[in-house]
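Overview (structure and organization)
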Protein chains: 4
Amino acid sequence: MKDIVIRKLSERGVELMAIAAIVSELQKPYNPDLTPEVCLSTVQAVLDKREVQHTILVGIALDTLAEQGHLQEPLCSIVGEDEPLFGVDEILALGITNVYGTIGLTNFGYLDKVKPGILRELNNHPTMVHTFLDDLVAGVAAAASARIAHNIFRKSSPQR
Amino acid sequence: MKDIVIRKLSERGVELMAIAAIVSELQKPYNPDLTPEVCLSTVQAVLDKREVQHTILVGIALDTLAEQGHLQEPLCSIVGEDEPLFGVDEILALGITNVYGTIGLTNFGYLDKVKPGILRELNNHPTMVHTFLDDLVAGVAAAASARIAHNIFRKSSPQR
Amino acid sequence: MKDIVIRKLSERGVELMAIAAIVSELQKPYNPDLTPEVCLSTVQAVLDKREVQHTILVGIALDTLAEQGHLQEPLCSIVGEDEPLFGVDEILALGITNVYGTIGLTNFGYLDKVKPGILRELNNHPTMVHTFLDDLVAGVAAAASARIAHNIFRKSSPQR
Amino acid sequence: MKDIVIRKLSERGVELMAIAAIVSELQKPYNPDLTPEVCLSTVQAVLDKREVQHTILVGIALDTLAEQGHLQEPLCSIVGEDEPLFGVDEILALGITNVYGTIGLTNFGYLDKVKPGILRELNNHPTMVHTFLDDLVAGVAAAASARIAHNIFRKSSPQR
């Protein structure tokens with residue numbers, strides 16, 4: 001199923017390297033030796049999680065259906081326009097963000113507000129609906145950052 | 001939008017009185033004077049919340065699309081069969097359950113496991129897909145119970 | 001740190017076997033071959049998680065301080081009496097419950113309401129304060145059940 | 001109890017005006033007419049919520065006990081140093097952030113990372129422990145921002 005998720009992300013304009021680039025930007029200040037390869041393999045590890053796969057499939061389905069006008073109203077307009085009070089996208093992303101614990105929460109919120117890199121492209125796309133996808137990608141990047149933080153910390157404090 | 005939500009719930013087989021009946025069953029032990037009218041008006045109050053409305057619309061859309069075969073695979077089968085590891089329905093319901101604070105969480109989990117009244121009917125329906133709806137209804141009932149608990153407690157301890 | 005957590009649980013009256021017994025009761029209907037050894041090793045695996053360890057330490061500290069009267073008022077009374085509207089214990093437990101995804105949520109709520117085995121003993125203890133501990137233990141048991149469900153399902157559907 | 005919470009916040013160095021200033025900064029771009037008075041009264045409204053009051057009392061208690069060395073080890077050091085993998089502070093703040101729905105989540109994460117105004121002061125304090133307090137204050141500011149967004153949007157779209 002992971003392959004399907006990666007293919008769907010790609011079809012919607014998101015390559016794993018673009019997510020890895022956000023992870024790198026987030027974690028570099030704390031970890032100057034972090035390589036792009038580690039960032040990418042960590043994104044891959046997040047996508048191994050069943051919970052993450054399911055959530056991405058649901059979010060992309062809703063975006064696509066809204067784009068095609070195949071959701072009933074008023075939902076179609078709400079998703080299509082990413083109405084400011086619509087919070088279902090954040091709820092879904094929370095399920096991803098938390099797979100490596102709540103320390104991912106801060107990075108998720110930051111990314112969702114500042115929207116670096118691919119997140120800005122998704123958000124500004126002239127025709128495609130990315131109401132869910134930008135939050136999902138921010139969630140994956142935040143979870144990957146949390147995973148890197150866990151690994152670094154564990155190595156540096158073996159005594160606990 | 002609340003009217004649309006109530007109509008959609010009804011189309012999917014859920015009348016507000018059936019939700020109120022669950023609330024009554026949950027809260028009666030703690031509050032013997034609780035009337036069906038109060039339970040119903042509390043369910044109505046939960047449905048006033050924008051967050052709740054959005055979440056119900058999304059969940060019902062996903063159930064209906066899975067039922068009609070209009071979700072892509074593998075998502076269509078996952079939702080259609082309510083695969084045991086699928087947790088997106090619980091995540092969505094959590095957004096409803098928490099509108100009156102985390103004390104709704106316990107009741108949500110209990111209802112989702114024991115499945116009294118309308119929840120059992122939804123879960124055992126021979127042809128309709130209710131993967132999301134049973135969790136959403138449990139979430140509304142749990143939130144309504146939390147609201148009643150808040151109101152009772154506030155009256156009984158005005159000094160705090 | 002895991003050893004410290006296990007020792008503190010024991011000092012507060014909770015042996016890992018008592019948690020494993022709840023897991024066994026929850027999962028037996030779906031998995032008749034489940035052994036006590038697997039339940040116990042799964043509880044151990046949940047306690048390997050840093051997030052779980054931290055949360056248990058915080059919850060036990062708050063219970064103990066309330067018991068000794070070392071929290072300031074009004075918090076000391078609120079925790080000491082497990083006031084019905086106090087939901088911080090459920091929030092903390094949520095951080096444990098979710099370590100293997102949101103499918104743990106349902107079991108957590110069920111356990112927190114029905115309070116089987118050790119949970120009932122904790123809740124009815126005549127002198128000790130277990131406001132946080134019963135939720136934390138329910139959270140660990142729910143997370144362990146989720147982990148078992150994940151493992152069973154993965155084995156039975158290798159094709160996905 | 002709200003008075004006690006406001007007094008404790010003040011004792012720990014947080015005046016409501018400092019929280020209102022963060023809210024103003026967050027919401028001004030979307031709402032140029034927003035006055036300091038509205039920001040302050042919205043912060044007050046967030047503090048009316050029982051859930052918020054309880055959570056703040058718990059967080060401040062833990063900070064204070066860590067500061068005084070009255071938590072047992074290893075928890076005292078973990079809280080005292082705000083160890084990078086410690087996520088209990090974020091979990092608690094989540095309970096506050098969500099009182100007006102999940103749209104508060106993004107602002108919480110942003111504030112927790114960028115740490116404007118009083119958040120930076122708390123975080124950089126040379127002697128006091130603010131491991132929980134900075135997250136709690138960010139949570140209150142994020143919830144207040146969500147409440148303002150809800151109110152603005154409702155006024156501007158009465159038709160839904």
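What comes next is a walk through the structure. Model, not experiment: these values are computed from the prediction.

**Examining the overall build of chain A**
Each helix and strand counted, chain A has 9 helices and 0 strands in total. Secondary structure elements of chain A, listed N to C terminal, follow the sequence α-α-α-α-α-α-α-α-α. Relative to a compact globule of 160 residues, whose C-alpha radius of gyration would be 15 Å, chain A shows 16 Å and is just as compact. The burial tally for chain A puts 62% of its 160 residues in the buried class. Per element, the accessible surface of chain A, about 5900 Å² overall, is 52% carbon and sulfur. With 14 positive and 20 negative side-chain charges, chain A shows a spacing of 11 Å between the two charge centroids.

**Describing the relation of the copies chain A and chain D**
Between chain A and chain D, which share one sequence, the superposing operator has a rotation angle of 180 degrees and an axial displacement of 0.0 Å; the RMSD is 0.0 Å. Interpreted geometrically, this transformation is the action of a two-fold axis. Looking at the interface residues of chain A, 100% of them are also at the interface in chain D, so both copies use one shared face.

**Section: the interface of chain A and chain D**
The interface of chain A with chain D comprises 28 residues on the first partner and 28 residues on the second. Counting the surface lost from both chain A and chain D, the interface buries some 2400 Å², and carbon and sulfur atoms represent 69% of this. Summed over the shared surface of chain A and chain D, the number is 0 salt bridges. Our count for the chain A to chain D interface comes out at 6 residue pairs in polar contact (both at pLDDT 80 or more).

**Some points on the environment of aspartate 135 of chain A**
Residues and elements named next belong to chain A. Structurally, aspartate 135 is set in helix H9 (residues 133-156). Spatially, the C-alpha atoms of aspartate 135 and leucine 94 are 8.9 Å apart, while their sequence positions differ by 41 residues. Dropping the residues within four chain positions of it, aspartate 135 is found in contact with Asp89, Glu90, Ala93, Phe108 and Asp112.

**What about helix H2 (residues 16-27) of chain A?**
Working note: α-helix, 3.6 residues per turn, so residues spaced by three or four point in the same direction. Over its 12 residues, H2 of chain A extends 16 Å from the first C-alpha to the last, a length consistent with the 16 Å expected when each residue adds 1.5 Å. Restricting attention to buried positions, one finds in H2 of chain A the residues Leu16, Ile19, Ala20, Ile22, Val23, Ser24, Leu26 and Gln27 of chain A.

**What about the side chain of threonine 131 of chain A?**
As for its placement among the helices and strands, threonine 131 of chain A is situated in the loop between helix H8 (118-123) and H9. Among residues more than four places away in sequence, those in contact with threonine 131 of chain A are Asp63, Val79, Asp82, Phe86 and Asp89 of chain A.

**Quick notes on unusual backbone geometry**
Here the residue pair glutamate 73 of chain A and proline 74 of chain A is connected by a cis peptide bond, since its omega of 5 degrees sits within 30 degrees of zero. Within the secondary structure, proline 74 of chain A is located in the loop between helix H4 (50-67) and helix H5 (75-81). The phi dihedral of lysine 115 of chain C is positive, around 50 degrees, even though this residue is not glycine. Structurally, lysine 115 of chain C can be placed in the loop between helix H7 (104-114) and helix H8 (118-123). Looking at lysine 115 of chain C, the relative accessible area reads 12%, which means it is buried.

**A look at the packing of helix H2 (residues 16-27) of chain C against helix H3 (residues 36-47) of chain C**
All names here are of chain C. The N-to-C vectors of H2 and H3 enclose an angle of 110 degrees; their axes lie 8 Å apart at closest approach. With respect to H3, the element H2 is oriented roughly perpendicular. In this structure, H2 meets H3 at a crossing whose hand is right-handed. Note on element contacts: H3 touches H2 through Cys39, Leu40, Val43, Gln44 and Leu47, opposite Leu16, Met17, Ile19, Ala20, Val23 and Ser24. Its residues placed into classes, the contact of H2 with H3 shows 9 nonpolar, 2 polar and no charged.

**Points about the pattern of salt bridges**
All names here are of chain A. Under the definition given, this model contains 24 salt bridges over all chains. We note a salt bridge from lysine 115 to aspartate 134, for which the minimum N-O separation is 3.2 Å. With lysine 115 in the loop between helix H7 (104-114) and H8 and aspartate 134 in helix H9, this pair connects stretches of sequence that are 19 residues apart. By relative accessible area, which is 2% here, aspartate 134 ends up buried. Several salt bridges share partner residues, and in doing so they unite Asp112, Lys115 and Asp134 into one network.

**Topic: the packing of helix H6 (residues 88-97) of chain A against H7 of chain A**
Residues and elements named next belong to chain A. Where H6 meets H7, the axes come as close as 10 Å, and the angle between the chain directions of the two elements is 140 degrees. Between H6 and H7, the crossing angle belongs to the class labelled oblique. In this structure, the crossing between H6 and H7 has a hand that is right-handed. In this structure, H6 uses Glu90, Ala93, Leu94 and Thr97 to contact H7, whose residues at the interface are Gly104, Leu105, Phe108 and Asp112. The residue makeup of the contact of H6 with H7, split by class, is 4 nonpolar, 2 polar and 2 charged.

**Looking at the packing of aromatic side chains**
Summed over all chains, the structure comprises 6 aromatic pairs over all chains. For the pair tyrosine 110 of chain B and tyrosine 110 of chain C, a centre-to-centre distance of 6.4 Å together with 10 degrees between the ring planes defines the contact as stacked. With tyrosine 110 of chain B in helix H7 (residues 104-114) and tyrosine 110 of chain C in helix H7, the pair connects residues from two separate chains. Ring geometry for phenylalanine 86 of chain D versus phenylalanine 132 of chain D: centroids 5.8 Å apart, planes at 90 degrees, classification edge-to-face. Separated by 46 residues along the polypeptide, phenylalanine 86 of chain D in the loop between helix H5 (75-81) and helix H6 (88-97) and phenylalanine 132 of chain D in the loop between helix H8 (118-123) and helix H9 (133-156) bring together distant segments of the chain. The same class applies to phenylalanine 86 of chain D and to phenylalanine 132 of chain D, which are both buried. The ring of tyrosine 110 of chain D has lysine 113 of chain A lying over it, and the distance from NZ or CZ to the ring centre is 5.5 Å.

**Observations concerning the environment of alanine 144 of chain C**
All names here are of chain C. Residue position: alanine 144 is located in helix H9 (residues 133-156). Between the C-alpha atoms of alanine 144 and isoleucine 19, which are 125 residues apart in sequence, the distance is 9.2 Å. Not counting residues up to four positions away in its chain, the partners in contact with alanine 144 are Val23, Thr42, Val43 and Val46.

Reading the values: the criteria
Residues numbered from 1 in each chain as written. Chains lettered and ligands numbered in written order. Predicted model: local features only at pLDDT ≥ 70, side-chain atom pairs only at ≥ 80, totals over all residues. Heavy atoms only, no water. Helix = DSSP H or I, 4+ residues; strand = E, 2+ residues; numbered from the N terminus. Rg over C-alpha atoms; globule rule 2.2 N^0.38 Å. Buried < 20%, exposed > 50% of the residue type's maximum accessible area, 1.4 Å probe, protein only. Areas by Shrake-Rupley, 256 points an atom, 1.4 Å probe, with all protein chains shown as cover. Lys, Arg positive; Asp, Glu negative; His and termini not counted. Charge placed at Lys NZ, Arg CZ, Asp CG, Glu CD. Least-squares fit on C-alpha atoms with pLDDT ≥ 70 in both. Contact = heavy atoms within 4.5 Å. Buried area = accessible area lost by both parts, 1.4 Å probe. Salt bridge = Lys/Arg side-chain N within 4 Å of Asp/Glu carboxyl O. Polar contact = N/O pair within 3.5 Å; in protein donor to acceptor, adjacent residues only side chain to side chain. Expected span 1.5 Å × (residues − 1). Axes fitted to C-alpha atoms, helices over the stretch in contact; angles between N-to-C directions. Parallel < 35°, antiparallel > 145°, perpendicular 65-115°, else oblique. Left-handed = near helix turned anticlockwise from the far one by under 90°. Nonpolar A, V, L, I, M, F, W, Y, C, P; charged D, E, K, R; others polar. Phe/Tyr/Trp six-rings, centres within 6.5 Å; stacked < 30°, edge-to-face > 60°. Lys NZ or Arg CZ within 6 Å of the ring centre and 35° of its normal.

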